[in-house]
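The lines below spell out each chain.
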Amino acid sequence: MSTDTQAHGTPRPTGAGRAATIVLVVVLIAELMNALDGSIVHTALPAIQTDTGASSAAVQWIPAAYTLTFALALITGGRLGDLFGRKRVFLTGTVLFTLASLLCGIATGPEFLVAARALQGAGAAAMVPQVMATIAVTFQGEAQAKAFGMYGMIMSLGGVLGPVLGAVLTSADIAGLGWRAIFLINLPIGLATVLFALRFLPESRERQARRLDPLGMLLSSTGLLLLAYPLTMGGEQHWPAWSFVLLVAGALTLAAFVVQQRAKTRKNGSALVALSLFRSRAFAGGLAAQLVFGLVSGVFLLTWVLFMQSGLGLTPGQFAPASVAISIGGMAGAMLASKWAGTHMRRVPQAGAVLIAATLAGYQVLVSAQQTGTPFAAAAAPMVLVGAGFGMVGAGLAGLTLGQVGHEDAGSAAGLFNTAMQLGTALGIATASLVFFDHAPAGSHGTTVTEAFAGSVWYVVAALAVMWALMFRLPKPGKPA
């Protein structure tokens with residue numbers, strides 16, 4: 001197995017051999033835990049509310065506590081890996097995530113559960129950037145493209161299967177645990193991940209150790225919170241005035257963060273974010289495309305689930321095969337991306353965006369014509385193509401955006417890339433409030449929901465066109481970033 005030498009002299013695999021394969025498996029298992037936990041709780045919320053007596057506000061905070069904490073700490077988590085060692089921070093995050101999963105599983109009340117979910121999100125924020133950064137510094141060339149393809153496949157699979165697995169585990173009532181099983185299942189997986197990471201994960205870090213940037217951490221986290229909180233919660237409360245005030249305050253805080261980062265870079269080069277990353281057309285374009293991809297995912301997946309269940313009247317069990325269809329498509333698309341991205345470059349995610357847009361345009365015509373009479377097969381089968389497109393975009397974007405980043409900034413770049421996805425998803429949920437819920441308020445059923453969904457599809461197609469255009473900043477076939 002060929003190796004490179006890291007900053008501290010430990011050999012590092014370059015993508016060939018058994019050791020590199022084990023490294024990839026270990027970090028992808030960690031990503032799968034995160035992808036599942038971001039969505040697995042949704043179908044268990046009614047059972048959690050009944051068992052714990054949670055209020056409506058507390059029920060909203062059980063998923064939001066994880067999502068918000070995860071989004072806020074991603075940039076810091078990525079840079080900590082650059083500075084203190086990606087293996088060390090990965091292990092710390094995985095241990096924290098696993099411990100928090102235990103606390104979620106034994107929670108006696110909604111307040112305890114919300115706090116444990118926030119802790120779980122913090123652990124994921126330390127763990128996940130190291131996944132992408134480790135892939136970026138461990139694999140090279142075609143092996144890297146394949147590794148990022150696998151990453152995209154796992155991310156897509158986890159996000160879509162989360163609600164299905166949540167329903168299965170909750171209804172199975174394993175050992176009388178009920179909804180608690182959706183969290184406790186992380187214990188053996190997390191423990192195995194830690195043990196294998198201790199044995200096989202190589203350490204890597206920035207060659208020149210730099211100091212932490214506490215002010216940058218404070219400004220970035222505050223700015224992201226001021227943006228993410230109203231985007232996540234504002235729609236539920238019909239966009240009160242405070243939501244717009246917080247959005248403006250968040251934008252101003254992030255502007256101050258950029259100014260502070262420039263000054264910090266000039267002073268001693270120890271800024272939280274390596275602003276030099278944005279000089280790369282591939283990174284800047286990929287980051288913008290990832291933001292829009294998050295928006296597309298947030299709008300479509302939320303409104304499609306509501307269309308299938310509230311519009312067509314399917315139960316979660318009847319809906320499950322459709323979810324499996326989009327998962328199978330996602331895996332196939334990610335596999336295609338891992339095979340072709342190294343040679344076809346930006347053509348792969350662009351083709352994925354076109355595939356999704358074309359399929360959804362036809363889907364919109366079908367739903368508009370059939371309304372609540374849309375046959376299940378016709379509603380579910382096109383999701384294989386939609387999933388394939390999502391897989392091609394997700395896997396292709398990750399490899400092309402991060403593949404050219406220097407090893408010393410891999411963690412920072414991964415943190416920014418994941419943050420773009422989280423903010424995009426929050427923006428997508430907020431957009432859904434405008435393009436869907438304004439036409440089909442909570443509790444609506446039947447034709448009202450199907451018409452609202454059909455109308456929202458055109459907004460998704462328009463966003464896909466924007467994303468397709470942004471991808472022209474990614475590397476051309478045969479051209480470096």
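Heads up: these notes are all about the structure in this document. Note that the coordinates shown come from a computational prediction; the quantities given were computed from them, not determined experimentally.

1. Focus: the layout of surface pockets
1) Next: The calculated volume of the second largest pocket comes to roughly 410 Å³.
2) Next: Lining the second largest pocket are 16 residues, with Ile75, Leu254, Phe278, Leu287 and Leu416 sitting closest to its centre.
3) Next: Breaking the lining of the second largest pocket down by element, the ones donating at least two residues are helix 10 (241-268), helix 11 (281-311) and helix 16 (410-437).
4) Next: Broken down by element, the lining of the second largest pocket gets its largest block of residues, five residues, from helix 10.
5) Next: Per-class residue counts for the lining of the second largest pocket are 13 nonpolar, two polar and one charged.

2. A word on the packing of aromatic side chains
One pair of aromatic rings is described through two measures. These are the centre distance and the angle between the planes.
1) Next: Throughout the structure, instances matching the rule amount to 15 aromatic pairs.
2) Next: Taken together, a centroid distance of 6.1 Å and an interplanar angle of 25 degrees make the contact between Tyr66 and Phe70 stacked. Separated by four residues within a single helix, Tyr66 and Phe70 lie in helix 3 (residues 56-84), roughly one turn from each other. For the residue pair Tyr66 and Phe70, the accessibility class agrees, reading buried in each case.
3) Next: An aromatic cluster is defined as three or more aromatic residues linked by ring pairs; in this entry it consists of Phe293, Phe300, Trp304, Phe307, Tyr363, Phe390 and Phe453.
4) Next: The ring of Phe200 has Arg199 lying over it, and the distance from NZ or CZ to the ring centre is 4.8 Å.

3. Things to note about helix 9 (residues 214-233)
1) Next: Its 20 residues give helix 9 an end-to-end C-alpha distance of 28 Å, which sits within 8% of 28 Å, the value for a rise of 1.5 Å per residue.
2) Next: All buried positions along helix 9 are accounted for by Gly216, Leu219, Ser220, Gly223, Leu224, Leu226, Leu227, Ala228, Pro230, Leu231, Thr232 and Met233.

4. Some details on the packing of helix 1 (residues 18-39) against helix 4 (residues 86-105)
What describes two packed helices is the angle between their axes and the distance between those same axes.
1) Next: Between helix 1 and helix 4, the shortest axis-to-axis distance is 12 Å and the interhelical angle comes to 40 degrees. As the angle between them shows, helix 1 and helix 4 are arranged oblique. The interaxial crossing formed by helix 1 with helix 4 has left-handed handedness. The residues of helix 4 that touch helix 1, namely those facing Val26, Val27, Ala30, Met33, Asn34 and Asp37, are Phe90, Thr94 and Phe97.
2) Next: Among the residues making up the contact of helix 1 with helix 4, the classes are represented as six nonpolar, two polar and one charged.

5. Notes on the nonpolar core
1) Next: In terms of nonpolar packing, the biggest core is built from 106 residues, with Ile135, Phe300, Trp304 and Met308 touching the most fellow members.
2) Next: The leading source of residues in this core is helix 11, at twelve residues.
3) Next: In this structure, Ile135 is in contact with Leu24, Val27, Leu28, Gln144, Ala147, Phe148 and Tyr151, ignoring residues within four places of it in sequence.
4) Next: Among the nonpolar cores identified, the runner-up in size contains 20 residues, and Ile62, Val114, Ile182 and Phe183 belong to it.

6. Side note on the side chain of Arg346
1) Next: Examined against the element boundaries, Arg346 turns out to sit in the loop between helix 12 (316-344) and helix 13 (347-370).
2) Next: Classification of Arg346 by relative accessible area gives buried; the value is 12%.
3) Next: A polar contact of 2.7 Å, which involves the side chain of Arg346, links it to the backbone oxygen of Phe472.
4) Next: Within the structure, Arg346 has its side chain in polar contact with the backbone oxygen of Leu474 (distance 3.2 Å).
5) Next: Not counting residues within four places of it along the chain, the set of residues in contact with Arg346 comprises Leu400, Met471, Phe472, Leu474, Pro475 and Lys476.

Reading the values: rules and limits
- Residues numbered from 1 in each chain as written.
- Predicted model: local features only at pLDDT ≥ 70, side-chain atom pairs only at ≥ 80, totals over all residues.
- Heavy atoms only, no water.
- 1 Å grid on protein atoms, 1.4 Å probe; cavity = no way out; pocket = protein on both sides within 12 Å on 5 of 7 lines; lining within 4 Å.
- Points joined across faces, edges and corners; volume = space filled by probe spheres on them.
- Helix = DSSP H or I, 4+ residues; strand = E, 2+ residues; numbered from the N terminus.
- Nonpolar A, V, L, I, M, F, W, Y, C, P; charged D, E, K, R; others polar.
- Phe/Tyr/Trp six-rings, centres within 6.5 Å; stacked < 30°, edge-to-face > 60°.
- Buried < 20%, exposed > 50% of the residue type's maximum accessible area, 1.4 Å probe, protein only.
- Lys NZ or Arg CZ within 6 Å of the ring centre and 35° of its normal.
- Expected span 1.5 Å × (residues − 1).
- Axes fitted to C-alpha atoms, helices over the stretch in contact; angles between N-to-C directions.
- Parallel < 35°, antiparallel > 145°, perpendicular 65-115°, else oblique.
- Left-handed = near helix turned anticlockwise from the far one by under 90°.
- Contact = heavy atoms within 4.5 Å.
- Core = buried A, V, L, I, M, F, W, Y, C linked by side-chain atoms within 4.5 Å.
- Polar contact = N/O pair within 3.5 Å; in protein donor to acceptor, adjacent residues only side chain to side chain.

Keep in mind these values describe shape, not function.
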